Amino acid sequence: MEQPLEVAATVTIPHATQQYVNPDYGSMQFEDTQKGLLAFGDLALAAELKTWEMFQPPITAVSSEYKVETAFE
């Protein structure tokens, strides 16, 4: 039996860069930081999910054999 062809379309996301931010501390509100901090893994997962949501529908419209993969530089 012939296996179905699976082709990947890879979307490469450039590595994040750090930039200095000058916040207005006088207008900031601080609460429980346990729920407010995101680790890089959380951001990468969110980026991968959003990339899939954006690109999978048009790629599937071309062919259902294609799938989206995300790569990070």
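What counts and how
Residues numbered from 1 in each chain as written. Predicted model: local features only at pLDDT ≥ 70, side-chain atom pairs only at ≥ 80, totals over all residues. Heavy atoms only, no water. Helix = DSSP H or I, 4+ residues; strand = E, 2+ residues; numbered from the N terminus. Buried < 20%, exposed > 50% of the residue type's maximum accessible area, 1.4 Å probe, protein only. Contact = heavy atoms within 4.5 Å. Areas by Shrake-Rupley, 256 points an atom, 1.4 Å probe, with all protein chains shown as cover.

Draft legend 1. Fine view of the overall build of the protein. Assigned secondary structure in the protein consists of one helix and two strands. The helix and strand sequence of the protein, counted from the amino end, reads β-α-β. Counting every position in the protein, which comprises 73 residues, the buried fraction comes to 11%. In the protein, of all internal contacts separated by at least 6 residues, the share reaching a separation of at least 24 is 79%. Summed over its atoms, the accessible surface of the protein is roughly 6800 Å², and 57% of this surface lies on carbon and sulfur atoms.

Draft legend 2. Seen up close, the side chain of Thr 70. Looking at the element boundaries, Thr 70 is found in strand β2 (residues 66-72). The class for Thr 70 is buried, based on a relative accessible area of 18%. The contact partners of Thr 70, leaving out residues within four places of it in the chain, are Val 11, Ile 13, Glu 48 and Thr 51.

Geometry only, nothing functional implied.
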